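Chain by chain, the residues run as shown.
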Amino acid sequence: MAQKVSVWTSNRFWRRSATWITGVASVLLILLTFDSMAQMKMGTAEDIAKKIDKRIPSPLVINYTIEYKLDPYRGHEIPIIGGEMQRKEGGIKSAYEKKEKFFGRDDYTEEEARALIHKGKLTIQAKNCMDCHTLLGNGAYYAPDLTKAWLDPTWETLAPAFNGKEYAMAAFLQDPPKMAMHERKMPNLGITEEEAKAVVAYLKFMSAIDTNGFPRNFGKIKGAVDARK
Amino acid sequence: MQGNKLYQSQELAIKYFTVAIILFGAQLLFGLVAAIQYLYPDFLFNTLDFSIARMLHINALVVWLLYAMIGAVYWLLPDEAGIEVVGIKLANIAFYILTAAVAVVVLVYLFVQVGPGKESTIWFITEGREYIEAPRWADIGIVAVVLVFLYNVYATVMRGRQTGILTVLMADLIALAGLYLAGMFYTDNIAVDQYWWWWVVHLWVEATWEVYVAAVGGYILIKTLNANRKVVEMWLWIEVAMMFGSGILGLGHHYFWIGTPEYWWEIGALFSALEPVPLIGLFVHVLYDWGKERGKGNEIKNVPAFAWLTVETFGNFLGAGVWGFMHTLPQINLYTHGTQWPAAHGHLAFYGAYVAIMISAMYIAVQGKAGLERLKMTKAGWWAISLISVGVLLMTVSLTVAAYTQTMVERGMHGATWEGYFAAQSNMWFLQGIGWRLVTGLAVIVGYGFLVYDLITCPKHQPVEEGETAAAAA
Ligand code: HEM
Ligand code: HEM
Ligand SMILES: [Fe+2]
């Protein structure tokens, strides 16, 4: 009892510290997770009608044009859905007005759009896309990032021949080796026409997710820095 | 020394280790296929595509590490608690069920590969989520087996001696198992999907697995150096405080760009930047104990186990600490995210932090099974540790060169487009990095051959030093 033991070499002290620190960190993580989950809920038709920006927008964005533009207010690029408008605080935001035909229609209902992206997401998992590509930057590094694939300039060049880039992308997905653009080809994964359309819908939807400016300068500075171009 | 009798639990540990080392071989083989495909994309195209090879590579890695982790616990549990593991029959049955399930999952990966875009594919073929592709039925099976394992651990510690090492392990294993549940649901919202996916991946490798390693590392220090238990356990609690203190909120470094709120930039940067601190601590601690015991003239009782533990602490610090820190600040991660950077870091981190210590634990079991007072390093063992460690280190350096090129060309110059991606992939520096990865990967595979040979034969091939009789190893 009387023996003087420094607290710094006491196992009891460190055990208690470890328990407290772990507990506090876990509680903080859980609280932050509640907040993040609230902010990451998928948007609805109502949000679009009221022009409320959601980090993960409603699947109805497939009815609209999507761009990726520098917002001077936030200091990085953001998805612009259906054209841009001025934000009250400054900078720009989505206007949710300019529509665009997607497989011939721009009037998908909320249920239809949800069903499409549901099928699309299931297909993306069922075909192991993330074991070659990255989505939102996560996955494998054998093939290009798909976060903004919908906006990739490559598809713009193919679009005219297919009457629209959604058709070009769907055709590619159904038989990638046939449309291979590089020696490193994407294999034929047995994606049906229905699945291909759904995957393209998912890619369009994903390009409208607010990724805090990732990837930076997407498709912007081609040729500006590369002296060969 | 002779007639060494093992606990039944330790016999089970050896079974777990055996499957682990076989899966390690499978991991390397599929990694080799994927590495060849980077250079020769037509290699096995449409037969064993990159996606399948890579999935098998990293799934085999995670599964064999889990096998080895469970094995090491079954090894040290009766030793620490001082009694046979409670429910050992059930534990044996669980081992066979788990192994059968793993075999079925692998066969489906190999021969069915992908399925239609329906829920049934998620349940029976693949979940398509990196590292945790295992279909849902297997997830449920894994949970059941892990519950048996946890029962064994808890019931044994309740009845036997409760050491500090076991206390940490009990708390840690329950968190580790619980986290797996975060990866067991489906959502259309890919941002939410990845949010919870990182709970499994990050909170495993940067929190619960690290603490596991600190605990088992403590046990190995006691076994190899006779380190003072009180000091080891005090240090263990300090490590737990630092690892969970930084690692839990360090999770934020994966929440910069996936549709998450901006506050994760600051939280992720701050806490993940602290993550290397406990890793330096681990390294210093091992070197300190080594110096102290050597100073007293004490011999290391299991040289290969101790050597692998040293590789662990240094590799953990370098691979997780240094290579992790390199891309953990959001300003940098914006350009490195989704390039070869995480691949470079992933190789050295997984190797340094987990592969090395599990091999160390296997050598402890080899020594225990042979009943040797001391286990020395053989020539083959020396080749194994050198080839694998130098191989993985150089592989990481090669990938870092490729990563640097990709960041500059694809991200800096072209802004991450399709065209930019391929511009980087065909850059001369990138190709050289990828080429050297293949060469160094082959060195690792040769080292693996030495390792397996040595694990099987080292008790018989103990080098004989002056003044010793050959009978010592009999
Ligand atoms: C033993 C411990 C660790 C292991 C095994 C490990 C492993 C990995 C792996 C495999 C990835 C890639 C995940 C993927 O496939 O997308 C990764 C990502 C990452 N790691 Fe670690 N890591 C460890 C510790 C650390 C530490 C201590 C730090 C920071 C100081 C760190 C920083 C990062 C960052 C920032 C990423 C994200 C890369 C990105 O997606 O942009 N890691 N880690
Ligand atoms: C101890 C040895 C090894 C460990 C711990 C290991 C670990 C890993 C990990 C964690 C990843 C995922 C990286 C990420 O997603 O960020 C990975 C990917 C990969 N590994 Fe390994 N690996 C090892 C050996 C090898 C060997 C020997 C080779 C080749 C000869 C190899 C080739 C690959 C390839 C090609 C990938 C795919 C990377 C990509 O997606 O671009 N690995 N490995
Ligand atoms: Fe992490």
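Read on for an overview of the structure. (Residues numbered from 1 in each chain as written. Chains lettered and ligands numbered in written order. Predicted model: local features only at pLDDT ≥ 70, side-chain atom pairs only at ≥ 80, totals over all residues. Heavy atoms only, no water.)

A count of helices and strands for chain A gives six helices and six strands. In chain A, the order of α-helices and β-strands from amino to carboxyl end is α-α-β-β-β-β-α-β-β-α-α-α. A compact globule built from 229 residues would reach a C-alpha radius of gyration of about 17 Å, whereas chain A, at 23 Å, exceeds it by more than 25%. With respect to the principal axes defined by its C-alpha atoms, chain A has extents near 90 × 45 × 45 Å. Looking at the 229 residues of chain A, the share that counts as buried comes to 55%. Sequence separation of at least 24 residues holds for 51% of the intrachain contacts in chain A that already meet a minimum separation of 6. Carbon and sulfur atoms make up 58% of the accessible area of chain A, which totals about 10,500 Å². Positive and negative side-chain charges of chain A, numbering 34 and 28 respectively, have mean locations separated by a distance of 8 Å. (Helix = DSSP H or I, 4+ residues; strand = E, 2+ residues; numbered from the N terminus. Rg over C-alpha atoms; globule rule 2.2 N^0.38 Å. Buried < 20%, exposed > 50% of the residue type's maximum accessible area, 1.4 Å probe, protein only. Contact = heavy atoms within 4.5 Å. Areas by Shrake-Rupley, 256 points an atom, 1.4 Å probe, with all protein chains shown as cover. Lys, Arg positive; Asp, Glu negative; His and termini not counted. Charge placed at Lys NZ, Arg CZ, Asp CG, Glu CD.)

All right, on to a nonpolar patch on the surface then. All names here are of chain B. On the surface, a cluster of nonpolar side chains totalling about 610 Å² of accessible area is made up of Val390, Leu393, Leu394, Val397, Val401, Met428 and Trp429. Among the elements that line the nonpolar patch, the one with the most residues is helix α14 (residues 379-413), at five residues. Tracing the sequence through the fold places valine 397 in helix α14. (Patch = residues over 30% accessible without salt bridge, like charges linked within 9 Å, V, L, I, M, F, W, Y side chains within 5 Å. Salt bridge = Lys/Arg side-chain N within 4 Å of Asp/Glu carboxyl O.)

Take the site of ligand 1 next. All names here are of chain B. Taken together, 27 residues form the shell around ligand 1, and within it Glu130, Tyr131, Asn333, His337 and His345 come nearest. A distance of 2.8 Å is found between an oxygen atom of ligand 1 and a side-chain nitrogen or oxygen belonging to asparagine 333. Take the shell around ligand 1: its biggest share by element is seven residues, from helix α13 (residues 340-370). Grouping the amino acids of the shell around ligand 1 by side-chain chemistry returns 12 nonpolar, 11 polar and four charged. (Near = heavy atom within 4 Å. Polar contact = N/O pair within 3.5 Å; in protein donor to acceptor, adjacent residues only side chain to side chain. Nonpolar A, V, L, I, M, F, W, Y, C, P; charged D, E, K, R; others polar.)

All names here are of chain B. The terminal C-alpha atoms of helix α5 (residues 136-159) lie 35 Å apart, and with 24 residues this matches the ideal 34 Å at 1.5 Å per residue to within 8%. Taken as a whole, α5 has its buried residues at Arg136, Ala138, Asp139, Val145, Val148, Phe149, Leu150, Asn152, Val153, Ala155, Thr156 and Val157. Each element contacted by the buried residues of α5 is listed here: α2 (50-81), α3 (88-111), α4 (119-124) and α6 (164-180). (Expected span 1.5 Å × (residues − 1).)

For the rest of this paragraph, the subject is the environment of A:Gly43. All names here are of chain A. Within the secondary structure, glycine 43 sits in the loop between α1 (11-39) and α2 (45-49). Taking C-alpha positions, glycine 43 is 8.2 Å from aspartate 53, a pair spaced 10 residues apart along the chain. In this view, glycine 43 contacts Lys54, Ile56, Pro57, Ser58, Pro59, Glu110 and Arg114; residues no more than four positions away in its chain are not counted.

With that out of the way, let us pick up the interface of chain B and chain A. At the junction of the two partners, chain B supplies 84 residues and chain A supplies 84 residues. Surface buried jointly by chain B and chain A totals about 7,700 Å² across both partners, of which 62% is contributed by carbon and sulfur atoms. In this structure, the connection of chain B to chain A is made through four salt bridges. One salt bridge connects B:Asp42 with A:Lys185, and the closest N-O pair in it is separated by 3.0 Å. The tally of links from chain B across to chain A stands at 38 residue pairs in polar contact (both at pLDDT 80 or more). Among the residues forming the side of chain B that touches chain A, the class breakdown is 44 nonpolar, 24 polar and 16 charged. (Buried area = accessible area lost by both parts, 1.4 Å probe.)

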